[in-house]
Structure formats: C-alpha cells, structure tokens
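Chains, contacts and geometry: an overview
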Amino acid sequence: MSTFSPRAPSVLDFLRKRRSHPSITMAEPGPSADQIKDLLTIAARVPDHGKLAPWRFILFGAAQGEAVGRRLATIHEQRQGPLDEDQRQKELTRFTRAPLVIGVVSTAAEHPKIPVWEQQLSAGAVCMNLVTAAAAAGFASQWLTEWYSFDKEAARFLGAGDNEQFAGFVHVGTPTQAPVERPRPDLSALVSEWSEDN
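All of the points below concern the structure found in this document. The structure presented is a predicted model; accordingly, all values stated were derived computationally and were not measured.

Over its 19 residues, helix α3 (residues 62-80) runs 27 Å from end to end, which matches the ideal 27 Å to within 8%, given 1.5 Å per residue. Taken together, the buried positions of α3 are occupied by Gly-65, Val-68, Gly-69, Leu-72, Ala-73, Ile-75 and His-76. Taken together, the buried residues of α3 touch β2 (55-61), α4 (85-92) and α6 (152-157).

Structure representation (structure tokens):
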C-alpha cells in the first residue's frame, strides 16, 4: 500500500453510515466560529479545475432566521397566492430550524478553458464535503435547495448576485434523534462495463 495514500478504514466505515438529518430535528448548539471555519476549510478541499474557486459561502445564523422567513413568506405568497397557516409557518421557519444555515453559492461563469458545468459540479462537491465534514464533527446536517434557490428575487434577497445561483443550503445543528435509514440505490441496475460494441 502506498505511503502517499494511507488506508483509512474508519473513514470508510463512517461514509458507509453517514446519513442526513431533517433540519426540523436539529437543535442548539450549532458549531462555534472556529468549528465553522474548519468546516468551510474542509468544504473547500474539492476538485476545482483551473483553481477558480467558483463558489462562495453565506452564513445565516439563528438571529437572521426570522427576518429571512418573513421575506420568503411574502415572496412565496406573491407567487402562489394566499398561504394557509401551515404553509405560512413552513416558510417562516425555513431558516430557524437549525442553528446555522450555510448557503453555498455557485459563481460559475464562462471561461476560455473550464466549462461552466465543471464549475457547477465543483460547487456541488463543496456542498457534499460540507455535509460530510459537519457529520464527522458530530453535528446533524442536511443539504437542501428548495424553491428559493431558483427564484431570482428570493435568491437575490438571500445574497446571490445576478449571475450566481445557490447550489444549496446546508443546515447544521445538534441532532435530537437518530436519523432514519432509507433504501439505497441498487448498484446492479446502475453499473455497466464499457465495451466497443455499446
């Protein structure tokens, strides 16, 4: 086994068991400032063709959650018409369920050598690294997009620029219950071997 790539069976075991927690099951405390810096440093260690860092982070703390919810409820009502009480509560609490929400913004742009698609994939890798790092640090984590990632007015309010898009929002907090396992893909239906006759 190469000394340049040492085995890490405990990491493999962790990855086999990693599971997202619904944001509604999260509680205080969230990560400290030092922990957040560490999580973001780990999140940024992703494939990045051209070293463009075509993504950035926006932090939403609990103190901002209610203001965000009020604005999202207003925008959603403008789009969908009057909201019933359940839907209104859902919008109002989007950013208050977890102590910390980290917006991952894709800043992908046309480039002479690096396709936009590769830059967007890098932002997706950031989200996955962030979810995994948070879980490895003992926190509950969940990667969500939701309608406001794709609504231009809402995304702009949340901090995205005119030519930017949210790759997702990673909710981070302390778990209050064990995550529920779900069925996983059947690899036999997803894996094939290439041949010249394909």
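Here we take up the layout of surface pockets. Roughly 220 Å³ of internal volume is contained in the largest pocket. For the largest pocket, the lining is made up of 13 residues, of which Lys-152, Gly-161, Asp-162, Glu-164 and Gln-165 are closest to its centre. Among the secondary structure elements, those contributing two or more residues to the lining of the largest pocket are α6 and β5 (165-175). The dominant element in the lining of the largest pocket, judged by the number of residues it contributes, is α6, at three residues. Tallied by class, the residues present in the lining of the largest pocket amount to four nonpolar, four polar and five charged.

Once that is clear, we can look at the side chain of Ser-106. In this fold, Ser-106 is placed in strand β3 (residues 100-106). Apart from the residues within four sequence positions on either side, Ser-106 is in contact with Pro-54, Trp-55, Gln-120, Ala-123, Glu-164, Gln-165 and Ala-167.

Basis of the calculations
- Residues numbered from 1 in each chain as written.
- Predicted model: local features only at pLDDT ≥ 70, side-chain atom pairs only at ≥ 80, totals over all residues.
- Heavy atoms only, no water.
- Helix = DSSP H or I, 4+ residues; strand = E, 2+ residues; numbered from the N terminus.
- Expected span 1.5 Å × (residues − 1).
- Buried < 20%, exposed > 50% of the residue type's maximum accessible area, 1.4 Å probe, protein only.
- Contact = heavy atoms within 4.5 Å.
- 1 Å grid on protein atoms, 1.4 Å probe; cavity = no way out; pocket = protein on both sides within 12 Å on 5 of 7 lines; lining within 4 Å.
- Points joined across faces, edges and corners; volume = space filled by probe spheres on them.
- Nonpolar A, V, L, I, M, F, W, Y, C, P; charged D, E, K, R; others polar.

So yeah, pure geometry; function would need other evidence.
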